[in-house]
Amino acid sequence: MTQAQLARGNAPLLAVRDVSVVFGGIIALNGVSFDMHKGNILGLIGPNGAGKTTLFNCLSRLYQPSSGDILMEGVSILTRPPHRIAEIGIGRTFQNVALFPNLSVLDNVRVGTHSRSNSDIISDSLRLGWVRRGEAELNKHVHEIVTYLGLDDVAHTIVSGLPFGTQKRVELARALAADPKILLLDEPAGGLNHEEVHVLGDLIKRIRDERHMTVLLVEHHMGLVMSIADHVVALNFGRKLAEGTPAQVQADPDVIKAYLGSKDQ
């Protein structure tokens, strides 16, 4: 194997390079850099105002960095508009559930397959054979995802009438429907009880292992992050405070002082 092949093999799936974001003179992110490697679960932690959501929104192209770059498989994503980000393999959930409340579970999940479809308005209107075959494949995929996440019993239910925890699972199903290479999870444990958080942690690991996805987890629930993450990046006041394994980050004095709390507190 050549040196170039070795270098490509060790290259990160996603690389955040010296990203800064300034809003009207307020520095939300200040020169943040880190790598995400294929097959890893990366936890992004920090107190309110640390810059987690800002960085997350840069990754999903809702925000444009003031400086720096974000590379997906070595190519910058910053020239892509938000509606084209799923095409390169980035899917996300939202801290506040962002479903279509008057649609069924199946229809909400079906929305996630949009980036997988190659049809156009003319082909759709003519109901060409390849369009029908494509629709059948997408429907099969949607039902498989719904079954995978244990949503069969509510598949035809309007999502607005479902419990919050179930709605969060529907949103996860919608993100999975696009078969992303990187799954961005924004506070997935928010509003869940202790048992639901435990089940969620097992589910995230199962998704990584069985569906071969790389996961970026933004989360306040330290127990969840430290129990499932392979790598953790800690932010504070828009800067990277620490980075490493969960054990390394938990033991970092600056992290303990900033938001994990000291042992005598």
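Every chain begins its residue count from 1, and numbering advances along the sequence as written. Only residues with pLDDT of 70 or above have their local features reported here, since the model is predicted, and side-chain atom pairs are shown and tallied only from 80 upward, although totals for entire chains, interfaces and linings are computed over all residues. Processing note: side-chain calculations cover all non-hydrogen atoms of the structure and skip hydrogens and water entirely.

Selection rule: UniProt positions are given in the numbering used here, feature names are shortened, and annotations may be inferred rather than shown by experiment.
The protein carries the name High-affinity branched-chain amino acid ABC transporter ATP-binding protein LivG in an unreviewed UniProt entry, which gives Bradyrhizobium icense as its organism. Here is the UniProt Function (unreviewed entry) comment for the protein, exactly as written: "Involved in beta-(1-->2)glucan export. Transmembrane domains (TMD) form a pore in the inner membrane and the ATP-binding domain (NBD) is responsible for energy generation."

## Regarding the overall build of the protein
Threshold: Helix numbers and strand numbers start at the N terminus; a helix is a DSSP run of H or I with at least 4 residues, a strand a run of E with at least 2. A 1.4 Å probe rolled over the protein chains alone gives each residue an accessible area, and that area as a share of the maximum for its type sets the label: buried under 20%, exposed over 50%, partly exposed in between. Only heavy atoms matter for contacts: two residues are in contact if any of them lie within 4.5 Å across the pair. Only the protein chains shown count as covering a residue, and every accessible area follows the Shrake-Rupley method with a 1.4 Å probe.
Along the backbone of the protein there are 10 helices and 10 strands. Residues counted as buried form 43% of the 265 residues belonging to the protein. A separation threshold of at least 6 residues defines the contact pool for the protein, and within that pool the share at least 24 residues apart is 66%. A total accessible area of about 13400 Å² is found for the protein, and carbon and sulfur atoms account for 53% of it.

## Some words on the packing of helix α6 (residues 164–176) against helix α7 (residues 194–211)
Here is the rule: Helix axes are fitted to C-alpha atoms over the stretch in contact, other axes to C-alpha atoms as well, and angles between N-to-C directions run from 0 to 180 degrees. Working definition: roughly parallel below 35 degrees, roughly antiparallel above 145 degrees, roughly perpendicular at 65 to 115 degrees, and oblique for all remaining angles. Think of it as three bins: nonpolar holds Ala, Val, Leu, Ile, Met, Phe, Trp, Tyr, Cys and Pro, charged holds Asp, Glu, Lys and Arg, and polar takes everything else, Gly as well.
Packing of α6 against α7 leaves a shortest axis separation of 13 Å and a crossing angle of 10°. Overall, the two elements α6 and α7 adopt an arrangement that is roughly parallel. Residues Arg169, Leu172 and Leu176 of α6 touch α7, and the partners they reach there are Val199, Leu203, Ile207 and Arg211. Taken together, the residues of the contact of α6 with α7 sort by class into five nonpolar, no polar and two charged.

## Observations concerning the pairing of strand β9 (residues 231–236)
Test applied: Any two strands with at least two DSSP-identified bridges between them are counted as paired.
Along β9, five of the six residues are buried, which leaves the element largely enclosed by surrounding structure. Across four bridges, the pairing between strand β3 (residues 41–45) and β9 is parallel. When the bridges of β9 are listed, Leu42 appears paired with His231. Of the pairings in the sheet, the one linking β9 to strand β10 (residues 239–244) comprises five bridges and is antiparallel in character. Following the sheet pairing, Leu235 is matched in β10 by Lys240. Here β9 hands over to β10 after two residues, with Phe237 in that stretch at a positive phi of 50°.

## What about the packing of aromatic side chains?
To keep it simple, the criterion reads: Here a pair means two rings of Phe, Tyr or Trp (six-membered ring of Trp) with centres within 6.5 Å. Their orientation is stacked below 30 degrees between planes, edge-to-face above 60, and tilted elsewhere. The criterion is that NZ of a Lys, or CZ of an Arg, lies within 6 Å of the ring centre and within 35 degrees of the ring normal, and then a charge sits over that ring.
Per the stated rule, a full pass over the model turns up one aromatic pair. When the centroid spacing of 5.3 Å and the interplanar angle of 75° are considered together, the rings of Phe23 and Tyr63 count as edge-to-face. In this pair, Phe23 sits in strand β1 (residues 14–23) while Tyr63 sits in the loop between α2 (52–59) and β4 (67–72), placing the two residues 40 residues apart along the sequence. For Phe23, a relative accessible area of 40% corresponds to the partly exposed category. Accessibility expressed as a relative area gives 31% for Tyr63, which makes it partly exposed. Over the ring of Tyr148 we find Arg211, and its NZ or CZ is 4.5 Å from the ring centre.

## Thoughts on the layout of surface pockets
What counts is decided by this rule: Cavities and pockets are found on a 1 Å grid laid over the protein atoms alone: a cavity is a set of points where a 1.4 Å probe fits but cannot escape, a pocket is an open set with protein on both sides within 12 Å along at least five of seven lines, and a lining residue has an atom within 4 Å of such a point. Grid points are joined across faces, edges and corners, and a volume is the space filled by probe spheres set on the points.
Estimates place the volume of the largest pocket at around 550 Å³. Lining the largest pocket are 21 residues, and of these Ile85, Ala86, Arg92, Phe94 and Arg174 lie nearest its centre. Secondary structure elements with two or more residues in the lining of the largest pocket: β6 (90–92) and α6. Each residue belonging to the lining of the largest pocket can be placed in one class, and the counts come to 11 nonpolar, seven polar and three charged.

## Here we look at the confidence of the model for the protein
What counts, and what does not: How sure the predictor is of each residue is captured by pLDDT, a score from 0 to 100.
Per-residue confidence for the protein gives a mean pLDDT of 86; residues scoring 70 or more make up 86%. Predicted confidence for residues 1–8 stays below pLDDT 50, and this span has one contact to residues more than four positions away or in other chains. Below pLDDT 50 for its whole length, residues 119–126 participates in seven contacts with residues either more than four positions away or in separate chains.

## Quick look at the pattern of salt bridges
Just so we agree on the cut-off: The salt bridge definition used is simple: a Lys or Arg side-chain nitrogen within 4 Å of an Asp or Glu carboxyl oxygen.
The tally for this structure, following the rule as stated, stands at 12 salt bridges. Between Arg17 and Asp35 there is a salt bridge, with the nearest N and O atoms lying 2.7 Å from each other. Here the residue Arg17 occupies a position in strand β1, and Asp35 occupies one in strand β2 (residues 26–36), the gap between them amounting to 18 residues. The exposure class assigned to Asp35 is partly exposed, which follows from its relative accessible area of 24%.

## Examining the sheet that holds strand β7 (residues 182–186)
Strand order in this open sheet of six strands is β6-β7-β8-β3-β9-β10, and the pairing throughout is mixed. Here the strands that pair on one side only, and so sit at the sheet edges, are β6 and β10. Averaged over all pairs of adjacent strands, the angle between strand axes in this sheet comes to 20°, irrespective of strand direction.

## Side note on the sheet that holds β2
Spatial strand order, β2-β1-β4-β5: four strands in an open sheet with antiparallel pairing. The open sheet has two edge strands with one neighbour each: β2 and β5 (75–76). Relative to β2, β1 runs antiparallel, the two sharing seven bridges. Across the sheet, Val16 pairs through a bridge with Phe34, a residue of β2. Where α2 meets the sheet, it contacts β1, β2 and β4, and its direction lies at approximately 120° from that of β1.

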